[in-house]
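If you want the building blocks of each chain, they are given just below.
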Amino acid sequence: MSRAVMRAGHRSRPGYSRTVTPAQSFPEPTDTSAIRIIGRFEAGRGIPDAMRSDVRMLGGLLGQVLREAGGDDLFADVERLRLATIQAYDEETSDAFERAAAIAESFTIERADEVARAFTCYFHLVNLAEEHQRVRVLRERAGQPGREDAADTVATAYARLKSEVGDDEARRRLQGLRFHPVFTAHPTEARRRAVSSSIRRLSELLTQHDAASESGAEQHRARRRMLEEIETLWRTAPLRAQKPSPTDEVRTVMSVFDETLFTTVPHVYRRIDDALRGDDSGASEPVVPAFVRVGSWVGGDRDGNPFVTASVTREASQIASDHVLRGLERALERIGRTLTLDAEGTPPSDGVNALWDRFAATEPGLADELAARSPGEPHRRVVLALAHRVGATRRGDDERYGAPEELLADLRAVQASLADAGARRHAFGGVQHLIWQVETYGFHLTELEVRQHSQVHAKALAELSGDEPVSAQTEEVLEVFRAIADIQRDRGLRAAGRYVVSFTQAASDLANVYTLARHALGDDAPVLDVVPLFETFADLQAAPAILAKAVTFPEVRERMAATGNRLEVMLGYSDSSKDVGPVAANLALYEAQEKIALWAKESGIELTLFHGRGGALGRGGGPANSAILAQPPHSVDGRFKLTEQGEVIFARYGEPAIAMRHIDQVAAATLLASSPTVEQRTSDAARRFADIAEVMDRSSRERFFSLVKADGFAPWFATVTPMEEIGLLALGSRPARRGLSVESLEDLRAIPWVFAWTQARINLAGWFGLGTALAAVGDEQRLAEAYREWPLLHTMIDNVAMSLAKTDERIAREYLALGDRDDLAQLVLDELALTREWVIRLTGGVGLLENKPILQRAVQLRTPYVDALSLLQLRALRALRDPAEAAGSGSDEEQRRLLLLSVSGVAAGLQNTG
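Residues numbered from 1 in each chain as written. Predicted model: local features only at pLDDT ≥ 70, side-chain atom pairs only at ≥ 80, totals over all residues. Heavy atoms only, no water.

### A closer look at the packing of helix α10 (residues 246–277) against helix α11 (residues 310–338)
Here is step 1: Between α10 and α11, whose axes approach to 10 Å, the crossing angle comes to 20°. Between α10 and α11, the angle is such that the two are roughly parallel. Here α10 runs over α11; the crossing is right-handed. Residues Pro246, Thr247, Val250, Arg251, Met254, Asp258 and Phe262 of α10 form the contact with α11, whose participating residues are Val312, Glu315, Ala316, Ile319, Ala320, His323, Val324, Gly327, Leu328 and Ala331.
Here is step 2: Tallied by class, the residues present in the contact of α10 with α11 amount to 11 nonpolar, 3 polar and 3 charged. (Axes fitted to C-alpha atoms, helices over the stretch in contact; angles between N-to-C directions. Helix = DSSP H or I, 4+ residues; strand = E, 2+ residues; numbered from the N terminus. Parallel < 35°, antiparallel > 145°, perpendicular 65-115°, else oblique. Left-handed = near helix turned anticlockwise from the far one by under 90°. Contact = heavy atoms within 4.5 Å. Nonpolar A, V, L, I, M, F, W, Y, C, P; charged D, E, K, R; others polar.)

Structure follows, in structure tokens:
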């Protein structure tokens, strides 16, 4: 694209020349001017004092590490670029931006590499400080209930629901509540696991620093150890040397359970029970059920990933089981050791005595040892005996449990005995936590789900019906069913059984799975819940008819009869958005859910919609609780299931306080979504604004198609974004595309489609077409009314505002200049300006996110630093696209390394991959 076109039409920031001037020709900022620049930048961001202090302290420690590791020259170069990008962001002048760009261009390739690493480390530290501030605020609120904003908690949702439907119905709905996140491996985080571990240790040190007295020895010790940890962060290679295997991905996800979820989820239940029942909580049977179930595709999702084999699926299940059994064993030992209640004051029941007698008969030596350690403490020794049996289950010994239901029965016997003996706080305190953990996780931890493409099944059946020997791929397809059967035999039906069929386009795609299972095992085929996944615009529209036919199949009818007429249907957000654009995809998803929910209600089916949402807005990401409340009537009904991907897993579940808050928020929205007032509001708004939806759907699709269906779009997209290079990052085991090259949009998976636009600071996948759609409606007053009263549009516009806030038009123009299609580049820029204009008009104020100041602060704090990494990425891209423009020395391999370092850093800065 011509540089002249790139300079034209800039709305939010002036254009500028891309003639690179040596950095030395610009005056270096003095110390005074540097302080003034940073001070003015921070003052305008509304950063809380405690967080500002954390950021400055961590940044200062990073500066010390840079000086010690790379000398004063490295520190000075990092500071030059940092101050220049802050000034460019603050002043919005072409000269200031040009100075920052020139500094980035002036570095040698080795120095650019070091500077990119320094900024990436800084982002990790800023992200840590922000997370720490969130935890600080949550803990302050928890300590002062009067200050807590409880508008989106389960307790408040329950109270509202009870006022609408009555106590009995509200309690019935609470008992049926279900939140079911499903962890997936694509994309895994851009940061390495070693980096994540280092950041977690820093988080603990920051907490210790907060707790220590000002300038005391403990605070000094915490700072010294933080300095050591930041040096570790700096010296740890930021890029993986090779792609993780599926088993590596399994172990990475397991760290979330070990460090957070296993112990946090029971605390969520307890906190809700406390809020609902006050002092009675913990002294009698809770009203809160174990409503969380955790699924996983890690080690089970083989769609497009040849590295996920049946043996990997078996190993994934084994690893998860080992983790939960170890967790249960430790928890039982911990609770058991506290039950030092003597038999005289707390006599055991006949059931507890029978438990002990059976254990002593099978393990007399260990029974004698436990009795000696716990004289006159029958409940203590019985719970410690249960811990031993769980250990035996993990090891596969003879005295193992056959199923988690057996352990639950034993725990309930202990609970009843304690309650009958008057030790109700113990019965419904620690023992209840154990019961909740077993109910939530069983002996499997995650409910492992298999996913495969419908075409793979069709090809396998064609081979099996022919006369030729079947291929290795078809043998592998059959072996998967044997793996599922083995897992069910060893760990129960919940451990595995859902089989998701990607690109379901006909009811026969579901029938094929049952046929293949019979080919594999005959009458011994595993119990399967086959889940259709509707992904494209056309498939979403055809979904109700496909489902109506599918439920007539004998296998489906038999399974529904066994499960209380339950049926699960998955909706794909990623491919539908790439198919027709984000606006039309959102509207199509709403319509599909509405029709499926109505069909299920009329058919007496208990429907669970499974939302295949990614972390990025272009893949259905965004705040889950607001999205839930915007769903059509009867499409939630107290059950919410969604995929949690990549960095989102660690952002939402990696820290206990944040995980508790997130689960509480989502569960509250899930409970409230089926209240009469919410359902009425949603359905009324959908009818009132149906004409607006129709105009937006048609006009946004036309606009989207004018871009993505233009001749030469796919290779142009690959040129103006680092799409090809992203495939070199060792992010995950799954290949980034379906073929060897990208000749059309269909060749590309949704994740790199979103990731590439994000890296180019355009975020096109999250907003393109909305400006045209709103302009086509034209009636600003009616659109403002729809924004206020139509939850679907409100959520869509708020999410787009967040997406737009992470764009940078000056940087975007530089990426678009890498291509040779002025028409396509101008189309993108025009739509960007139009969308920004309309979003600001509807949300109010003069800028983006003014109605969400905390989110605005987070974006504004990062943007100038992300700009620095984008400038380094651009110089590497230019060198790779056109070696004649290569800046400084450096081979292609060195330029690619710089580019990948910057990709990792931008992902950390924007907190988003795909």
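Picking up after the structure, the text goes on.
### A word on helix α35 (residues 780–789)
Here is step 1: Of the positions making up α35, those classed as buried are Leu783, Ala784, Ala786 and Tyr787. End-on, the buried residues of α35 take up no more than an arc of 160°, which puts them together on one face. The exposed residues of α35 that point more than 90 degrees off its buried face are Gln781 and Arg788.
Here is step 2: Residues of α35 that are buried in the fold lie against α29 (690–708), α34 (770–777), α36 (791–805) and α38 (822–843).
Here is step 3: Capping the start of α35, aspartate 779 holds a side-chain oxygen 3.2 Å from the backbone nitrogen of glutamine 781, two or three residues further along. (Buried < 20%, exposed > 50% of the residue type's maximum accessible area, 1.4 Å probe, protein only. Arc of directions from axis to C-beta. Polar contact = N/O pair within 3.5 Å; in protein donor to acceptor, adjacent residues only side chain to side chain.)

### Overview of unusual backbone geometry
What you tend to see is this: most non-glycine residues have negative phi, and most peptide bonds are trans.
Here is step 1: Even without being glycine, asparagine 565 reaches a positive phi, approximately 65°.
Here is step 2: Inspection of the secondary structure assignment puts asparagine 565 in the loop between α22 (554–562) and β6 (566–572).
Here is step 3: By relative accessible area, which is 28% here, asparagine 565 ends up partly exposed.
Here is step 4: Positive phi outside glycine occurs at histidine 634, with the angle close to 70°.
Here is step 5: When its relative accessible area of 28% is taken as the criterion, histidine 634 is described as partly exposed.

### Some points on the confidence of the model for the protein chain
Low pLDDT means the predicted atomic positions in that stretch should not be read closely.
Here is step 1: Counting all residues, the mean pLDDT for the protein chain is 89, and 89% of those residues have values of 70 or more.
Here is step 2: Note that residues 616–621 has pLDDT below 50 and, in this model, 32 contacts with residues that lie over four places away or in other chains. (pLDDT = per-residue confidence, 0-100.)

### Side note on the pattern of salt bridges
Here is step 1: Considering all chains together, one arrives at 65 salt bridges under this definition.
Here is step 2: The salt bridge partner of arginine 160 is glutamate 164, with a shortest N-O separation of 3.5 Å. Placement of both arginine 160 and glutamate 164 in helix α6 (residues 154–165) is noted, with a separation of 4 residues, approximately one turn of the helix.
Here is step 3: Judged by relative accessible area, arginine 160 falls into the partly exposed class, the value being 37%.
Here is step 4: The closest approach of N and O atoms between arginine 271 and aspartate 664, which form a salt bridge, is 3.6 Å. Note that arginine 271 is positioned in helix α10 and aspartate 664 in helix α27 (residues 656–672), a separation of 393 residues in sequence. (Salt bridge = Lys/Arg side-chain N within 4 Å of Asp/Glu carboxyl O.)

### Side note on the environment of valine 324
Here is step 1: Locating valine 324 in the fold gives a position in helix α11.
Here is step 2: Look at valine 324 and you get buried, because its relative accessible area is 1%.
Here is step 3: Residues contacting valine 324, with those up to four places away along its chain left out, are Phe262, Tyr441, Gly442, Phe443, His444 and Leu445.

### Side note on the pairing of strand β7 (residues 606–612)
Consecutive side chains of a regular strand alternate in pointing toward one face of the sheet and then the other.
Here is step 1: Most of β7 sits out of view: 6 of its 7 residues are buried.
Here is step 2: Pairing analysis gives 7 bridges linking β6 to β7, with the strands arranged parallel. Across the sheet, the residue bridging to leucine 567 is leucine 607, located in β7.
Here is step 3: In this sheet, strand β8 (residues 639–645) lies alongside β7 in parallel orientation, the contact comprising 2 bridges. In the sheet register, phenylalanine 610 faces β8, and the bridge partner there is lysine 641. (Pairing = 2+ DSSP bridges.)

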